[in-house]
Amino acid sequence: MNRILTGCMMTGALKNSPPDFAAIASSLIYQSTALGMKIMPNANSADNAALSFEFKTPHTTPIMCGVTRWDDTSRQASVTENIMQAACGLMSVHGRASGRSRPLGLNYVSTLTAALALQGGAAASIGQLRGLSVSNSSVSMASAALLSVGQYIAGATASESPETLLPDRISRPACLPFVSSDGVIFELETLDAGPWQRFWTEIGVSSTVAGRGWMAFLHRYAKAISPLPEELASAISKLSYSHISQICIRAGMAICPVRSIDDRAKDDDSKHVWLQGPWEFVFEASPNDRASTHVTNDLPLSGLTIIESCRRIQGPLAGHLLALLGATVIRIEPPGGDPLRGMPPMAEGCSARFDALNRLKTVREVDIKSPAGQAEIKELARHADVFLHNWAPGKAVLLNLDHDDLATINPSMIYAYAAGWATDSAAHSPSSPMPGTDFMTQAYSGVAKRIAEASGTLGGSLFTVLDVLGGVVAAQGITLALLNRCMNSAGGKVTSSLMSASTLLCADDFQNLYSLPGPGALPKSVIDNVYDTKQGKIAIECCDVGALVRLTEVLEVAIDVQDDLEQCLSDIFLSRTAYEWADIFEQARIPSAVVIEDLADLQTTAHLQPGLSPGPYTRVNSPWSFK
């Protein structure tokens, strides 16, 4: 049963939204339809300053959900997907590996915003059902964009040795992904040094050179760069993909070609995943109803307890979002603590990046491999509302901590699995031999190819595109499951994954490939580019001819120079600074933004300050506000 919100309704001008919000509205329609919600238009005309909709359940009064461009409501400048990527630093993080700030080429911020907006409506409804007086939920595109780069902001602003990683100052751009002698573009993956050394030794690279490459390879998840020694790409380029694959098998490395969306659409499970949405729900009526617990403060999930046993990014981010909604999150770490706590740069004795995802949690050190540790987890689960993990497939069964084990103890609990390939059993996944990590999933899903085509690179992004979106989707699925529990007294399981997050990100592509009815592809912008200026870079996007006309009038350029317009613009923009141009274009209602390259500058940008908090590092605030 996946359409868990059948009987619920979303009312609003989603199909007639302002151009700025069209991608958000499209994603909202896809997600709510997959959940079984009925979508109804309202009589009010669309508001150009915001996108709004009502989230209605049969058991609550309607929640008015608002989506704005900025948290600073006084700022009404028109903005698009790529302009927001530029303004909040995402474009810079993505551009580190190639040496130049670049847009992702995907409606990434819009998709995140839609998921958060839907989650906000569900969370507020839970709050109502638990006695909270709440009728409004709001989120902004800017808050979603800042959330996506929160770890990178933490690294750039840490009190001890902050990182300054500017795209045009990266001395050695990443050579990832690799290319074989027969022209196959592919990703390699391992989380352990042993397979890495064995692989490169058989390739013919010295252990010294391979060792230098290992730390750069490992740290790409944290820094979005991977300056590998040139010897690695050179050596591997002399071998065929088939030969490299055989070496991977012997060494214990994983390998995956960079596939297209078309390739992914041909997989047996692809259409099913697209139709069901990025979550899979299984519920059973629970005789033990914990949904009646009341909120303990003004946040909708306050009073609820989450047990989180997760590592890296996806799972911890999901737990962090639930904590931001008020839940008490008990984080399970191994004896001695998570080793990522010591990863520089540091802030007050803890990794700034780690703290950005875990600062609101209570830590419990447990050896989950021991019988005593497993018994301790089960005792915690007895009184919990959610158990969340992102372990490797099959590990929950080996630990005697799978859904069936914990449902026997607490049938009203929500068991949440934030997976790589969306399965507990390796036998059920066509890609199961590969670790379910961000970059492998990017390659397999077609996302890497989409990013490469937009960025003029060989592969995807070293920005953790799917780890972040996957964390948001996992938290969203848990919130939806909790809402279902409140309405129907049902415990159960929700599974989401990096792969299902990739499907959400490219939902419109799959809709077109399967020739199914829907809103269709969004129109392509007339101009969408990043330009050098006298000082700094400016991002410009003209979504239609009207914006282009305003641009050419401001610049006093004849519109009939279309063939040479890009070169003409490049020359003109060198006459002023990026901030000067941004002021001019805001007055002319032309979507634009100074490209933030140094993430430390975000904390001093006036219209972004509502979404950030100073401290030992700059923290990203909750993307939601309720009233």
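Residues numbered from 1 in each chain as written. Predicted model: local features only at pLDDT ≥ 70, side-chain atom pairs only at ≥ 80, totals over all residues. Heavy atoms only, no water.

Student: Teacher, can you tell me more about the overall build of the chain here?
Tutor: From N to C terminus, the chain includes 26 helices and 23 strands. Over its C-alpha trace the chain gives a radius of gyration of 24 Å, about what one expects of a compact globule, namely 25 Å for 627 residues. Seen along its three principal axes, the alpha-carbon backbone of the chain occupies a region of about 70 × 70 × 50 Å. Of all 627 residues assigned to the chain, the portion counted as buried reaches 59%. Partitioning the intrachain contacts of the chain with sequence separation of at least 6 by distance along the chain shows that 76% fall at a separation of at least 24. Accessible surface, the chain: about 23500 Å² in total, of which carbon and sulfur atoms supply 51%. (Helix = DSSP H or I, 4+ residues; strand = E, 2+ residues; numbered from the N terminus. Rg over C-alpha atoms; globule rule 2.2 N^0.38 Å. Buried < 20%, exposed > 50% of the residue type's maximum accessible area, 1.4 Å probe, protein only. Contact = heavy atoms within 4.5 Å. Areas by Shrake-Rupley, 256 points an atom, 1.4 Å probe, with all protein chains shown as cover.)

Student: Is there a simple way to think about the packing of helix H21 (residues 465–488) against helix H22 (residues 498–505) in this case?
Tutor: Any two packed helices are characterised by how steeply their axes cross, that is the angle between the axes, and by the distance between the axes. Between H21 and H22, whose axes approach to 8 Å, the crossing angle comes to 95°. Relative to H22, the element H21 lies roughly perpendicular. Facing H21, whose interface residues are Val 465, Leu 466, Asp 467, Leu 469, Gly 470 and Val 473, H22 presents Leu 498, Ala 501, Ser 502, Leu 504 and Leu 505. Among the residues forming the contact of H21 with H22, the class breakdown is eight nonpolar, two polar and one charged. (Axes fitted to C-alpha atoms, helices over the stretch in contact; angles between N-to-C directions. Parallel < 35°, antiparallel > 145°, perpendicular 65-115°, else oblique. Nonpolar A, V, L, I, M, F, W, Y, C, P; charged D, E, K, R; others polar.)

Student: Help me understand the confidence of the model for the chain in this model?
Tutor: Low pLDDT means the predicted coordinates in that region are not meant to be read closely. Looking at the chain, pLDDT values average 92 and 94% of them are 70 or higher. Counted against residues more than four places away or in other chains, residues 426–431, with its pLDDT under 50, gives eight contacts. (pLDDT = per-residue confidence, 0-100.)

Student: Explanation requested: the packing of aromatic side chains in the structure shown.
Tutor: For the coordinates displayed, the defined rule picks out 23 aromatic pairs. Measuring from centroid to centroid gives 5.8 Å for Tyr 152 and Phe 463, while their planes differ by 50°, and the two rings are tilted. Taken as a pair, Tyr 152 in helix H6 (residues 150–157) and Phe 463 in the loop between helix H20 (447–455) and H21 lie far apart in primary sequence, 311 residues in all. The two residues Tyr 152 and Phe 463 agree in class, both being buried. Aromatic ring contacts, followed pair by pair, group Phe 178, Phe 186, Trp 196, Phe 199, Trp 200, Trp 214, Phe 217 and Tyr 241 into a single cluster. Over the ring of Trp 581 we find Arg 576; its NZ or CZ atom is 5.4 Å from the centre of that ring. (Phe/Tyr/Trp six-rings, centres within 6.5 Å; stacked < 30°, edge-to-face > 60°. Lys NZ or Arg CZ within 6 Å of the ring centre and 35° of its normal.)

Student: I tried to follow the sheet that holds strand S18 (residues 527–532) on my own but got confused; where do I start?
Tutor: Strand pairing in a sheet is mediated by backbone hydrogen bonds. Such pairs are either parallel or antiparallel. Strand order in the open sheet formed by three strands is S18-S19-S20, with antiparallel pairing between adjacent strands. With partners counted over all chains shown, the strands left at the sheet margins are S18 and strand S20 (592–594), one partner each. Each neighbouring strand pair of the sheet contributes to a mean axis angle of 15°, computed without reference to strand direction. The pairing of S18 with strand S19 (residues 537–542) spans six bridges and is antiparallel. Among the inter-strand pairings, Val 530 is bridged to a residue of S19, identified as Ala 539. (Pairing = 2+ DSSP bridges.)

Student: Hey, could you run me through the environment of Val 494 in this one?
Tutor: Along the polypeptide, Val 494 turns up in strand S17 (residues 490–497). Taking relative accessible area as the criterion, Val 494 reaches 3% and is therefore assigned buried. Along the backbone, Val 494 and Tyr 417 are 77 residues apart, and their C-alpha atoms lie at a distance of 6.5 Å. Residues in contact with Val 494, not counting those within four places in the same chain, are Trp 279, Glu 280, Phe 281, Ile 414, Tyr 415, Ala 416, Tyr 417, Gly 477, Ile 478 and Ala 481.

Student: Quick question: what am I supposed to make of the pairing of strand S11 (residues 328–333) here?
Tutor: Side-chain positions along a regular strand alternate between the two faces of the sheet. Burial analysis of S11 places five of its six residues in the buried class, which makes it a mostly covered element. Across four bridges, the pairing between strand S10 (residues 305–309) and S11 is parallel. Counterpart to Glu 308 in the pairing with S11 is Arg 331. Running through helix H14 (residues 314–324), the crossover from S10 to the neighbouring parallel element S11 is right-handed. Here S11 runs beside strand S14 (residues 362–365); their pairing, made up of four bridges, is parallel. In the strand pairing of S14, Ile 332 is matched with Arg 364. (Right-handed = clockwise from strand over helix to strand, strands pointing away.)

Student: I keep staring at the layout of surface pockets and nothing clicks. Help me out?
Tutor: It is a probe the size of a water molecule, rolled over the atoms, that shows where empty space is left. Its volume calculated, the second largest pocket comes out at about 1100 Å³. Looking at the second largest pocket, it is lined by 45 residues, and the ones nearest its centre are Leu 191, Arg 311, Asn 390, Trp 391 and Ala 392. (1 Å grid on protein atoms, 1.4 Å probe; cavity = no way out; pocket = protein on both sides within 12 Å on 5 of 7 lines; lining within 4 Å. Points joined across faces, edges and corners; volume = space filled by probe spheres on them.)

Student: Can you help me understand the pattern of salt bridges in this one?
Tutor: In total, this model carries 23 salt bridges according to the counting rule given. A salt bridge links Arg 331 to Asp 338, with the shortest nitrogen-to-oxygen separation between them at 2.8 Å. Both residues of the pair, Arg 331 and Asp 338, belong to the buried class. Across the pair Arg 382 and Glu 379 runs a salt bridge whose closest N-O atoms are separated by 3.2 Å. Of this pair, Arg 382 and Glu 379 are both found in helix H16 (residues 371–382), three residues apart, which corresponds to roughly one turn of the helix. For Glu 379, a relative accessible area of 40% translates into the label partly exposed. Here the residues in one salt-bridge network are Glu 308, Arg 331, Glu 333, Asp 338, Arg 341 and Lys 361, joined through shared partners. (Salt bridge = Lys/Arg side-chain N within 4 Å of Asp/Glu carboxyl O.)

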